[in-house]
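# Descriptive analysis of the structure
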Number of protein chains: 2
Amino acid sequence: MYLKEIMDEAKKYVGKEVSVSGWVRNHRRQKELGFIVFSDGTQFNQLQLIYDNQLSCFEELAALKIGTAIEVRGILQESAGSGQDYELAIQDFKLLGDCPDDYPLQPKPHSPEFLRSIAYLRPRSNLFQAVFRIRSLAAMAIHTYFQDRGYVYLHAPLITASDCEGAGEMFQVTTLPLEQLNGKVDYTKDFFHKKTGLTVSGQLQAETFAMAFSKVYTFGPTFRAEDSNTKTHVAEFWMIEPEIAFCDLDGVMDIEEDMLKFIVQYILEKAHDELVFLDKFAEKGLLQKLEKLVSSTFTRITHEEVISILKKADVRWEFEPKYGEDIAKEHEKYITEYFDGPVFITNWPKEIKSFYMKQNEDGTVRGVDLEVPGIGELIGGSEREADYEKLRTRMEELKMDISEMEWYLNLRKYGSCVHSGFGLGFERLLLYLTGVDNIRDVIAYPRTPGNCEF
Amino acid sequence: MYLKEIMDEAKKYVGKEVSVSGWVRNHRRQKELGFIVFSDGTQFNQLQLIYDNQLSCFEELAALKIGTAIEVRGILQESAGSGQDYELAIQDFKLLGDCPDDYPLQPKPHSPEFLRSIAYLRPRSNLFQAVFRIRSLAAMAIHTYFQDRGYVYLHAPLITASDCEGAGEMFQVTTLPLEQLNGKVDYTKDFFHKKTGLTVSGQLQAETFAMAFSKVYTFGPTFRAEDSNTKTHVAEFWMIEPEIAFCDLDGVMDIEEDMLKFIVQYILEKAHDELVFLDKFAEKGLLQKLEKLVSSTFTRITHEEVISILKKADVRWEFEPKYGEDIAKEHEKYITEYFDGPVFITNWPKEIKSFYMKQNEDGTVRGVDLEVPGIGELIGGSEREADYEKLRTRMEELKMDISEMEWYLNLRKYGSCVHSGFGLGFERLLLYLTGVDNIRDVIAYPRTPGNCEF
């Protein structure tokens with residue numbers, strides 16, 4: 001049996017013999033007694049195994065090293081010790097896989113940098129047991145939210161010849177023999193007979209599906225070849241991009257708020273033990289922060305109003321807030337504190353936003369950023385420009401290559417309608433949900449400049 | 001409201017005024033009456049809108065073209081006509097987005113090739129409404145199956161420096177300026193400071209997680225730069241790769257069978273209308289085929305036994321069945337017909353299988369292919385080699401680059417245990433579930449040699 005199957009019905013198994021396989025996470029030996037912290041990873045909480053020198057296998061048990069895989073047979077009993085409700089009194093065991101002394105994941109404090117260097121082992125540590133379990137649950141929360149509400153899940157293509165944001169630095173994908181290139185490149189010889197790269201967003205393709213199914217979402221990897229070594233940048237990350245027909249800017253804010261509260265509630269319910277641990281070791285107050293979000297009111301305010309509030313604030317800004325310009329990290333922080341909760345900022349100056357956002361009369365666009373206390377911008381969305389001429393003009397102003405995107409423009413020609421969508425960076429959400437402060441520690445195998453291990 | 005919200009409670013809305021937005025899919029006009037086939041894509045079944053010349057907007061309604069987006073207000077009523085239970089008697093409407101006569105998706109038969117050339121519009125057709133809705137539901141079925149059973153969902157990396165199968169043709173990922181290369185390539189200048197490509201499998205990384213969480217699965221894109229133009233090859237596709245610790249070959253067959261039946265049952269329940277349509281237009285007998293699978297017994301048989309059966313068969317083979325060699329399509333077909341159901345074939349000659357499969361004493365490995373009537377090989381799995389020396393020796397025999405995969409070998413050094421897993425190609429599953437016969441038609445934007453549109 002797996003540990004979770006036993007512990008989910010622990011009351012039933014008390015006093016009974018059970019058999020379970022897993023790993024020695026820690027081991028404390030006394031002369032006559034031994035205590036093994038044991039886990040198979042099917043639940044966050046570990047099980048204490050106890051054994052005494054009455055057992056014929058006492059010596060073998062006492063010799064077990066950290067990291068060893070074992071199968072144990074024993075009696076589940078209520079624990080007299082503190083820290084756990086149950087423990088397993090070992091009757092017999094089988095060594096499945098030994099673990100030498102050079103095992104790098106010894107039970108002592110390790111730096112995040114060291115753990116990244118053994119990323120294939122770190123999921124065995126408490127921190128990453130919590131983080132990657134929450135990652136899995138958060139993914140399921142997202143699928144559940146959208147599927148229960150009738151959205152169609154779309155797998156947007158990864159390899160693409162179009163560049164959604166018109167600005168992203170893209171990875172090139174090729175089968176050309178690089179060693180044989182000599183100054184010129186004949187893309188008709190490449191796999192797709194043209195230059196291709198890795199997508200920076202599935203939004204444009206999601207719009208094509210929204211024009212057929214009304215409510216759709218993507219959940220897949222996206223890529224940025226940005227040469228940034230910061231706590232918030234990785235080259236490969238996962239995005240959720242819902243797109244909804246017959247939905248305007250207000251409608252999409254309703255969905256964002258409802259979805260975010262749903263995800264947080266889901267994690268609060270299904271990962272309580274993990275959150276308690278992370279509250280202690282990753283971010284003090286994490287549980288309270290998440291509980292507060294679920295019951296909070298999200299403010300809706302325009303970019304112009306935000307600038308007015310910032311200008312009136314009695315703060316020495318590093319970056320002076322200005323009408324018509326973007327806001328800085330310090331401004332985001334101030335605004336969420338000012339309203340004591342999440343804030344939707346709408347109607348941004350069009351120059352600093354993407355080409356596809358619906359244009360207002362006054363030079364703003366119907367974009368919306370969701371600013372959340374403690375993390376800053378979490379979701380970016382907009383009502384999309386539904387008018388063919390306006391969109392085409394904007395793309396021409398920005399000198400975009402329209403030939404590769406005629407199909408996208410055509411969505412405005414063949415039965416266009418008001419529609420809106422947003423993008424949620426999955427790793428950014430996880431930083432918020434786990435309290436972990438480096439994006440490299442919420443994704444299994446982070447890809448960053450100069451780093452593509454495992 | 002969306003169409004599904006109304007129709008889910010149609011009885012409640014009969015005789016009442018409702019308002020709904022969507023698209024004109026078909027339009028039939030008579031002198032005094034008009035019939036619009038209407039859909040917003042939130043359910044497979046369309047709604048018939050009727051209007052007569054008593055309406056002040058009769059002329060405008062009669063002028064509506066295929067593909068136009070409209071908002072209609074009307075009374076829901078039980079339909080006297082055949083083919084539908086309900087219809088909507090229009091009272092008023094609003095034109096949201098016109099659609100010119102050059103709209104390519106007119107309601108008449110189109111070739112699959114033509115529809116692929118307008119892949120951004122084809123989701124609006126009945127066939128692709130059915131296919132992509134089933135794709136979305138099948139993805140959810142898979143997540144539901146594994147999450148309900150305590151599996152942790154892992155996002156395996158897409159960009160990688162290791163090559164799982166040791167044979168796959170990989171796409172290269174680079175930020176080097178190809179136009180400036182001159183005969184030699186300095187990979188220390190590339191984004192990751194080494195040569196990288198797009199993954200062909202997430203299995204090896206899934207194994208690292210199985211050694212921490214016991215039960216894990218991936219569900220993500222994988223890539224093959226194979227220059228094949230067939231009905232079953234695309235360069236970018238999605239794979240599900242579960243990996244389970246403390247699970248042997250028999251155990252993994254149990255899981256495969258249980259999972260497959262679960263998915264099929266899920267689709268039978270949630271996509272009945274879609275399956276009825278596909279049964280008519282894609283594969284005659286589809287519904288019966290799927291229903292039969294759910295109640296069928298999966299046979300378990302060794303490769304050697306299969307060859308014996310094939311040799312005894314009164315058939316003129318194109319390819320003669322041979323002990324120690326792979327089997328052909330015709331053999332797969334014969335075997336599933338022979339057993340009248342799905343067949344697990346185990347214990348393959350090691351030369352034709354992957355390096356990571358557990359080696360038996362007799363020169364076979366504990367691999368297992370699941371052959372399913374009507375589609376052939378659907379799932380490939382194996383018990384993994386858990387012994388460090390045996391695995392290393394095999395990798396050396398195959399002249400694999402061990403330096404990039406030391407971490408994978410180390411899983412056999414640090415608490416190794418029996419573990420197994422399998423790979424399910426998601427598009428292959430969809431061919432089976434939908435009865436569609438070309439893989440290009442079960443993925444939104446197929447990538448094949450010379451084709452990377454949208």
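Quick summary incoming for the structure in this document.

Here is what the cut-offs are and how they apply
Residues numbered from 1 in each chain as written. Chains lettered and ligands numbered in written order. Predicted model: local features only at pLDDT ≥ 70, side-chain atom pairs only at ≥ 80, totals over all residues. Heavy atoms only, no water. Helix = DSSP H or I, 4+ residues; strand = E, 2+ residues; numbered from the N terminus. Contact = heavy atoms within 4.5 Å. Areas by Shrake-Rupley, 256 points an atom, 1.4 Å probe, with all protein chains shown as cover. Lys, Arg positive; Asp, Glu negative; His and termini not counted. Charge placed at Lys NZ, Arg CZ, Asp CG, Glu CD. Pairing = 2+ DSSP bridges. Axes fitted to C-alpha atoms, helices over the stretch in contact; angles between N-to-C directions. Salt bridge = Lys/Arg side-chain N within 4 Å of Asp/Glu carboxyl O. Core = buried A, V, L, I, M, F, W, Y, C linked by side-chain atoms within 4.5 Å. Buried < 20%, exposed > 50% of the residue type's maximum accessible area, 1.4 Å probe, protein only. Buried area = accessible area lost by both parts, 1.4 Å probe. Polar contact = N/O pair within 3.5 Å; in protein donor to acceptor, adjacent residues only side chain to side chain. Nonpolar A, V, L, I, M, F, W, Y, C, P; charged D, E, K, R; others polar. Expected span 1.5 Å × (residues − 1). Phe/Tyr/Trp six-rings, centres within 6.5 Å; stacked < 30°, edge-to-face > 60°. Lys NZ or Arg CZ within 6 Å of the ring centre and 35° of its normal. Least-squares fit on C-alpha atoms with pLDDT ≥ 70 in both. Parallel < 35°, antiparallel > 145°, perpendicular 65-115°, else oblique. Left-handed = near helix turned anticlockwise from the far one by under 90°.

## Comments concerning the overall build of chain A
The helix and strand inventory of chain A stands at 14 helices and 16 strands. Oriented by its inertia axes, the alpha-carbon framework of chain A measures out at about 85 × 60 × 45 Å. Taking as baseline every contact in chain A between residues at least 6 positions apart, the subset at least 24 positions apart corresponds to 66%. When the accessible area of chain A is evaluated, it comes to approximately 18000 Å², of which 47% is carbon and sulfur surface. Across chain A, the 52 positively charged side chains and the 73 negatively charged ones have centroids separated by 1 Å.

## Details of the sheet that holds strand 3 (residues 47–52) of chain B
All names here are of chain B. The 5 strands are arranged 1-2-3-5-4 in a closed barrel whose pairing can be described as mixed. Strand-to-strand, the axes of this sheet are offset by a mean angle of 55 degrees, without reference to chain direction. Here 6 bridges tie strand 1 (residues 17–29) to strand 2 (residues 33–39), and the two strands are oriented antiparallel to one another. Bridged to Arg29 within strand 2 is Gly34.

## Examining the pattern of salt bridges
Enumeration over the complete set of coordinates arrives at 56 salt bridges over all chains. In this structure, the salt-bridge partner of Lys231(A) is Asp437(A), at a minimum N-O distance of 2.7 Å. Residue Lys231(A) is found in the loop between strand 10 (215–223) and strand 11 (236–245), and its partner Asp437(A) is found in the segment after helix 14 (426–434); the two are separated by 206 residues along the sequence. Between Asp369(B) and Lys353(B) there is a salt bridge, with the nearest N and O atoms lying 3.0 Å from each other.

## Digging into the nonpolar core
Formed by 246 residues in total, the largest nonpolar core has its most connected members in Leu433(A) and Leu433(B). Excluding anything up to four places from it in sequence, Leu433(A) contacts Ile134(A), Ala138(A), Ile263(A), Val264(A), Ile267(A), Leu275(A), Leu286(A) and Leu290(A).

## Brief notes about the interface of chain B and chain A
Counting residues at the interface gives 110 residues for chain B, matched by 110 residues for chain A. Summing both partners gives a buried area of about 8900 Å² for chain B against chain A, and 65% of it is carried by carbon and sulfur. The largest share of the area that chain B buries against chain A comes from His155(B), Phe191(B) and Tyr414(B), three residues that together contribute 9% of it. For the pair chain B and chain A, the interface holds 2 salt bridges. Between chain B and chain A we count 41 residue pairs in polar contact (both at pLDDT 80 or more) in total. Top contributing element to the side of chain B that touches chain A by residue count: helix 5 (residues 126–148) of chain B, with 12 residues. Along the lines of polarity and charge, the residues of the side of chain B that touches chain A split into 61 nonpolar, 32 polar and 17 charged.

## Considering helix 5 of chain B
Residues and elements named next belong to chain B. Taking 1.5 Å per residue as the helical rise, helix 5 with its 23 residues ought to reach 33 Å, and the 32 Å between its terminal C-alpha atoms agrees with that figure. Helix 5 sits mainly inside the fold: 20 of its 23 residues count as buried. Looking at the residues trailing helix 5, positive phi occurs at Gly150, about 80 degrees.

## Brief notes about the sheet that holds strand 3 (residues 47–52) of chain A
Residues and elements named next belong to chain A. Read around the closed barrel, 5 strands run 1-2-3-5-4, paired in mixed fashion. Between one strand axis and the next, the sheet turns by 55 degrees as a mean value, whatever way the strands run. One ladder, built from 10 bridges, connects strand 4 (residues 69–78) with strand 5 (residues 86–97); its direction is antiparallel. If you follow Val72 over to strand 5, its bridge partner there is Phe93.

## Thoughts on the packing of aromatic side chains
Within this structure, the stated rule accounts for 63 aromatic pairs over all chains. Ring geometry for Phe146(A) and Tyr217(A): centres 4.9 Å apart, planes at 20 degrees, overall stacked. On the criterion of sequence distance, the pair formed by Phe146(A) in helix 5 (residues 126–148) and Tyr217(A) in strand 10 is long-range, its members being 71 residues apart. Members of the aromatic cluster, joined through ring pairs, are Tyr120(A), Phe128(A), Phe132(A), Tyr445(A), Phe454(A), Phe209(B), Phe213(B), Phe355(B), Tyr356(B), Trp407(B) and Tyr408(B). If you follow Arg412(B) out to its NZ or CZ, it ends over the ring of Tyr408(B), 4.3 Å from the centre.

## A closer look at the relation of the copies chain B and chain A
Placing chain B over chain A gives an RMSD of 0.0 Å and needs a rotation angle of 180 degrees, together with 0.0 Å of translation along the axis. Both copies of the chain, as the preceding transformation shows, are related through a two-fold rotation axis. Both copies contact each other with a shared surface, as 100% of the interface residues of chain B are interface residues in chain A too.

## A closer look at the pairing of strand 1 (residues 17–29) of chain A
Direction of pairing for strand 1 of chain A relative to strand 4 of chain A: antiparallel, over a ladder of 7 bridges. Each residue of the ladder has a partner; that of Val20(A), found in strand 4 of chain A, is Val72(A).

## A few points about the side chain of Gln129(A)
In this structure, Gln129(A) sits in helix 5. Polar contacts involving the side chain of Gln129(A) include one to the side chain of Arg133(A), which spans 2.7 Å. Ignoring anything within four residues of it in the chain, the contact list for Gln129(A) reads Arg25(A), Gly41(A), Gln43(A), Phe44(A), Pro123(A), Arg124(A), Ala212(B) and Phe213(B).

## Section: the packing of helix 5 of chain A against helix 14 of chain A
Axis angle and axis distance: for two packed helices, these are the angle between their axes and the distance between the axes, and together they describe the pair. Residue and element names in this part refer to chain A. For the pair helix 5 and helix 14, the least separation of the axes is 10 Å and the interaxial angle reads 120 degrees. By the criterion of interaxial angle, the relationship of helix 5 to helix 14 is oblique. The handedness of the crossing between helix 5 and helix 14 is right-handed. Residues Val131, Ile134, Arg135, Ala138, Ala139 and Ile142 of helix 5 touch helix 14, and the partners they reach there are Phe426, Glu427, Leu429, Leu430, Leu433 and Thr434. In terms of residue class, the contact of helix 5 with helix 14 is made up of 9 nonpolar, 1 polar and 2 charged.

## Quick notes on the pairing of strand 16 (residues 419–425) of chain B
All names here are of chain B. Burial analysis of strand 16 places 7 of its 7 residues in the buried class, which makes it a mostly covered element. The two faces of strand 16 match: His419, Gly421, Gly423 and Gly425 on one face and Ser420, Phe422 and Leu424 on the other face are all buried. Two strands pair when backbone bridges link them, and strand 11 (residues 236–245) and strand 16 are joined in this way by 5 bridges, in the antiparallel orientation. Bridging from a neighbouring strand, Glu243 pairs with Gly421 of strand 16.

## Points about the packing of helix 7 (residues 249–270) of chain A against helix 8 (residues 272–281) of chain A
Residue and element names in this part refer to chain A. The N-to-C vectors of helix 7 and helix 8 enclose an angle of 95 degrees; their axes lie 5 Å apart at closest approach. What the angle tells us is that helix 7 and helix 8 run roughly perpendicular. Only His272, Glu274 and Leu275 of helix 8 make contact with helix 7, whose side of the interface consists of Ile267, Leu268 and Lys270. Tallied by class, the residues present in the contact of helix 7 with helix 8 amount to 3 nonpolar, 1 polar and 2 charged.

## Considering the side chain of Asp369(A)
All names here are of chain A. Along the chain, the position of Asp369 falls in strand 14 (residues 364–372). A distance of 2.9 Å separates the side chain of Asp369 from the side chain of Lys353, its partner in a polar contact. Once residues within four sequence positions are removed from consideration, Asp369 is found in contact with Val343, Phe344, Ile345, Trp348, Lys353, Glu377, Ile379 and Gly380.

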